[in-house]
Amino acid sequence: MFQKIENFVLDCVFPTYCLGCGRFLKSEAKTHLCPDCRNKISVNSGLFCPICFKRIAAGNFNKCRHSAKASSLDFLGIAVSYENPLVRELIHKYKYGFAKEISQTLSEILIRYWEKTCPDDLKRYCLVAVPLHRQRFNWRGFNQSEELAKILSQRLSLPLNNNCLIRRKKTASQAEIKDFQERKNNLQNAFSLKNQGPLENKNIILLDDVFTSGATMEAAAAALKSGGAKRIIGLAIAK
Ligand SMILES: [Zn+2]
Ligand SMILES: [Zn+2]
């Protein structure tokens, strides 16, 4: 009863509208998409090769043949296409509109993808969110990847490790750099490890919001591997 009153008050004071079509949504649904708009987002299944981006069948862990040093990531998980305007709108509002509560809707998309992709084999993985530099964190007020990781950790019963990987260097925004090599240089030594012990021989799901050139995830994965991480799946909402 009390919950119902609380939801009613919330709906009146802070009404939520679908970011796709503007329809009113009940706050108890904890989403920013109505069912129709939600269905317009087609979710991938299966992992991808982090080098050639070839899709690997769902539930499969067979890697492509590339030279061993080509990537510190073993696999890539991409939930949806960034080409979808609704996806872009959600991510943009989340990151630049300071709308932390959109993490619920975005993690819902990640969970749908994860359930289609890796039904087994989860227990041996722990989640690590790509960290933000302190200054960037203070500007936004939250780490967008960490908020998603917290929800995923609860919903998928995966341990979350958020104090190993740190971002030392304040790098220029990746979106502002067009050239891949420049992006890589920009991120050189951007990440380091605080304590290595907990990473040794661990399988890790490394979470970021968007996979653009892959340079950020690559740099973070290299730091984790240097700390003894075994297999790393880079997971992002969109590419
Ligand atoms: Zn809608
Ligand atoms: Zn490949």
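Above this text you will find the structure in question.
Attention here is on the structure that accompanies the text. (Residues numbered from 1 in each chain as written. Chains lettered and ligands numbered in written order. Predicted model: local features only at pLDDT ≥ 70, side-chain atom pairs only at ≥ 80, totals over all residues.)

Side note on the overall build of the chain
- Along its length, the chain carries 8 helices and 10 strands.
- Taken over C-alpha atoms, the radius of gyration comes to 18 Å for the chain, in line with the 18 Å a tight globule of 239 residues would show. (Helix = DSSP H or I, 4+ residues; strand = E, 2+ residues; numbered from the N terminus. Rg over C-alpha atoms; globule rule 2.2 N^0.38 Å.)

Remarks on the environment of A99
- As for its placement among the helices and strands, A99 is situated in the loop between helix 3 (85–96) and helix 4 (103–117).
- Residue class for A99 comes out partly exposed when judged on the 15 C-beta atoms lying within 10 Å of it.
- Between the alpha carbons of A99 and Q144 there is a distance of 9.7 Å; along the sequence they are 45 residues apart.
- Residues in contact with A99, not counting those within four places in the same chain, are K93 and Y94. (Buried ≥ 20, exposed ≤ 12 C-beta atoms within 10 Å, placed from the backbone. Contact = placed C-beta atoms within 7 Å.)

A closer look at the nonpolar core
- By size, the foremost hydrophobic cluster in this structure holds 53 residues, and its most contacted members are L110, V128, L206, L207, A220, L224 and I237.
- If one sorts the elements of this core by residue count, helix 8 (residues 215–226) sits on top with 7 residues.
- Leaving out residues up to four positions away in the same chain, L207 has contacts with L127, V128, A129, V130, S145, L148, A149 and L235. (Core = buried A, V, L, I, M, F, W, Y, C linked by C-beta atoms within 7 Å.)

Some words on the packing of helix 7 (residues 180–187) against helix 8
- At their nearest, the axes of helix 7 and helix 8 sit 9 Å apart, and the two run at 40° to each other. Between helix 7 and helix 8, the crossing angle belongs to the class labelled oblique. Between helix 7 and helix 8 lies a crossing whose hand is right-handed. Where helix 7 approaches helix 8, its residues F180, R183, K184 and L187 are matched on the opposing element by A215, T216 and A219.
- Along the lines of polarity and charge, the residues of the contact of helix 7 with helix 8 split into 4 nonpolar, 1 polar and 2 charged. (Axes fitted to C-alpha atoms, helices over the stretch in contact; angles between N-to-C directions. Parallel < 35°, antiparallel > 145°, perpendicular 65-115°, else oblique. Left-handed = near helix turned anticlockwise from the far one by under 90°. Nonpolar A, V, L, I, M, F, W, Y, C, P; charged D, E, K, R; others polar.)

Examining unusual backbone geometry
- Even without being glycine, F53 reaches a positive phi, approximately 65°.
- Here F53 is to be found in the loop between strand 3 (47–48) and strand 4 (55–56).
- Residue classification places F53 among the partly exposed residues on the basis of 13 C-beta atoms within 10 Å.
- The phi dihedral of F98 falls on the positive side, at around 55°, and the residue is not glycine.

What about helix 6 (residues 144–156)?
- If you check helix 6, its first and last C-alpha atoms are 18 Å apart, about what 13 residues at 1.5 Å a residue would give, namely 18 Å.
- Within helix 6, burial applies to Q144, S145, E147, L148, A149, L152 and S153.
- Among the structural elements, helix 3, helix 4, strand 6 (125–129) and strand 9 (203–210) are those in contact with the buried residues of helix 6.
- Backbone geometry just downstream of helix 6 places S157 in the positive-phi region, at approximately 55°. (Expected span 1.5 Å × (residues − 1).)

Here's the deal with the packing of helix 4 against helix 6
- Direction vectors running N to C along helix 4 and helix 6 enclose 50°, while the axes themselves pass 9 Å from each other. Relative to helix 6, the element helix 4 is oriented oblique. Where helix 4 crosses over helix 6, the two elements pack in a sense that is right-handed. Of the residues in helix 6, those in contact with S103, Q104, L106, S107, L110, I111 and W114 of helix 4 are E147, L148, I151, L152, R155 and L156.
- Split by residue class, the contact of helix 4 with helix 6 holds 8 nonpolar, 3 polar and 2 charged.

Concerning the environment of S153
- Within the secondary structure, S153 is located in helix 6.
- Through-space distance from the C-alpha of S153 to that of L127 is 7.0 Å; in sequence the pair is 26 residues apart.
- Every residue in contact with S153, bar those within four places of it in the chain, is listed here: L127, L158, P159 and L160.

A closer look at the environment of F24
- As for its position among the elements, F24 is in strand 2 (residues 24–25).
- A tally of 10 C-beta atoms within 10 Å means that F24 is categorised as exposed.
- Expressed as a C-alpha distance, the spacing of F24 and Y82, which sit 58 residues apart in the sequence, is 25 Å.

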